[in-house]
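Each chain, letter by letter, is given below.
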Amino acid sequence: GVETLRLGFVACSADCHAASFTDAALACHALFHAFKVWSYGRTGGGSVMHWAAFAALLSNGLWSTCGAVLWLQPGGSRAPPFETLFRLNGGAQALLVGSWWCVLAGMLGGLASVPRVLPAVLYAVGAAHALAFALRNLEASFESYVLCGGANVTPPLSSIWLLLVLLCRRHELLSRWLRRGEDAHPLLVGALSGLVFWFGNSGLLMGAETGLTYWTHAALEALCRAAGLLPEGARLWQGAFEEMACFHLFGLLGNEMLFRVYRWLAAAEVDAIRRAATPTRVCNRNGKARARSIGPWLTEALHAGSRKQE
């Protein structure tokens, strides 16, 4: 894969201080939002979407935490416990992949026009995908894991992005923002995050010798030289900003945009649960009381937002 695509992956064979620092920032960011989403369920009760969003944020935080330690490989030595760390990193990423499928299933389950069987199918797909990816990571080389990770996150994340785009179009969220002067809806912000993520992906696809990674490294080098931190003619070491740092930096911005979607979805579902919390109970076949279904909560939340702005 690496040889076929002619990707150098400087980050895989050199000092990666910038990658470690940016991964630590990603971990703190994801875990902060995980706590916020968890608190929604603590105060108002949570259900499918709430816990799917929490799982996605928590696994994202664990993935980046492992990565922050993983990238501390002086000179690309990959000394122990490097292999153990990157296998753990792969396991956390597999959990994230499965969580993204659950987020997608939770969103579809909140739409009135979606057959009830589709979310159940996606939960099964997500579990199978996460398991297969985790098993694949047990034997993959590090370079293959980096490429394999990118290939495996694409189906669930792209599906979420496509659903966000469709919802934005269906409810005219872009036109309401541009023409009516409304605040950008969180789902619209999430849809725009796809552009940001692909800027970051270009850092991996184009390598350290061209594109955003090269330009950012050159800009940092010029700033250090202008500030007197770098002697004239000296070069800034490659590890100051390489492919993974570029991927992480744009990923941090993209995550902030996507995490707004998670929080809005979790809050909308919790609000629907609160509205459905009445003394009336529905009994199952055994005569035991169960909570009333909250119905198409996502469709109702989007329509309520539209009515509020009219």
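Just above sits the structure.
Note that the structure is predicted; figures quoted are calculated from it, not measured.

**Q** For this particular structure, what's the right way to read the packing of aromatic side chains?
**A** Here a ring pair, both rings aromatic, is described through the centre-centre distance and the interplanar angle of the planes. Tallied over the full model, the rule gives six aromatic pairs. Judged by centre distance (5.9 Å) and plane angle (40°), the ring pair of Phe35 and Trp38 falls under tilted. Of this pair, Phe35 and Trp38 both sit in helix H2 (residues 17–44), three residues apart, roughly one helical turn. Between the aromatic rings of Phe82 and Phe86, the centroid separation amounts to 6.0 Å while the plane-to-plane angle is 50°, which identifies the pairing as tilted. With Phe82 and Phe86 both in helix H4 (residues 82–109) and four residues apart, this pair spans about one turn of that helix. On the basis of relative accessibility, which here comes to 5%, the residue Phe86 falls in the buried class. Three or more aromatic residues joined by ring pairs make a cluster, and in this case those are Phe82, Phe86 and Tyr145.

**Q** Hey, could you run me through helix H10 (residues 243–276) in this one?
**A** With 34 residues, H10 ought to run about 50 Å at 1.5 Å a step, and its terminal C-alpha atoms sit 48 Å apart, in line with that. Maximal helix bending in H10 amounts to about 25°, located at Leu252. Where H10 begins, the capping side chain belongs to Glu242, and its oxygen is found 2.9 Å from the backbone nitrogen of Met244.

**Q** What is the right way to read a nonpolar patch on the surface from this model?
**A** A contiguous nonpolar surface patch, about 580 Å² in accessible area, is contributed by Leu174, Trp177, Leu178, Leu192, Leu195 and Phe199. Secondary-structure elements contributing two or more residues to the nonpolar patch are helix H7 (173–178) and helix H8 (186–206). Tracing the sequence through the fold places Leu178 in helix H7. Note on Leu178: relative accessible area 56%, which makes it exposed.

**Q** Mind showing me how you'd approach unusual backbone geometry here?
**A** Peptide bonds are trans in most cases, and residues, glycine excluded, mostly fall at negative phi. Phi at Glu172 takes a positive value of approximately 55°, unusual for a residue other than glycine. Mapped onto the fold, Glu172 is located in the loop between helix H6 (142–170) and H7.

**Q** Sorry if this is basic, but what is going on with the packing of H8 against H10 here?
**A** The relative placement of two packed helices comes down to the angle between their axes together with the axis-to-axis distance. One can describe the packing of H8 onto H10 by two numbers: an axis separation of 8 Å at closest approach and a directional angle of 165°. Taken together, the axis directions place H8 and H10 in an arrangement best described as roughly antiparallel. Our pair here, H8 against H10, has a crossing hand that is left-handed. Residue composition of the contact of H8 with H10, grouped by class: 18 nonpolar, eight polar and two charged.

**Q** Hey, could you run me through the packing of H4 against H6 in this one?
**A** Here H4 crosses H6 at 15°, and the two axes come no closer than 10 Å. In terms of orientation, H4 lies roughly parallel with respect to H6. Where H4 crosses over H6, the two elements pack in a sense that is left-handed. Within the contact of H4 with H6, the residues separate by chemical class into 19 nonpolar, six polar and no charged.

Here is what the cut-offs are and how they apply
- Residues numbered from 1 in each chain as written.
- Predicted model: local features only at pLDDT ≥ 70, side-chain atom pairs only at ≥ 80, totals over all residues.
- Heavy atoms only, no water.
- Phe/Tyr/Trp six-rings, centres within 6.5 Å; stacked < 30°, edge-to-face > 60°.
- Helix = DSSP H or I, 4+ residues; strand = E, 2+ residues; numbered from the N terminus.
- Buried < 20%, exposed > 50% of the residue type's maximum accessible area, 1.4 Å probe, protein only.
- Expected span 1.5 Å × (residues − 1).
- Bend = angle between axes of the 7 residues up to and from the residue.
- Polar contact = N/O pair within 3.5 Å; in protein donor to acceptor, adjacent residues only side chain to side chain.
- Patch = residues over 30% accessible without salt bridge, like charges linked within 9 Å, V, L, I, M, F, W, Y side chains within 5 Å.
- Areas by Shrake-Rupley, 256 points an atom, 1.4 Å probe, with all protein chains shown as cover.
- Salt bridge = Lys/Arg side-chain N within 4 Å of Asp/Glu carboxyl O.
- Axes fitted to C-alpha atoms, helices over the stretch in contact; angles between N-to-C directions.
- Parallel < 35°, antiparallel > 145°, perpendicular 65-115°, else oblique.
- Left-handed = near helix turned anticlockwise from the far one by under 90°.
- Nonpolar A, V, L, I, M, F, W, Y, C, P; charged D, E, K, R; others polar.

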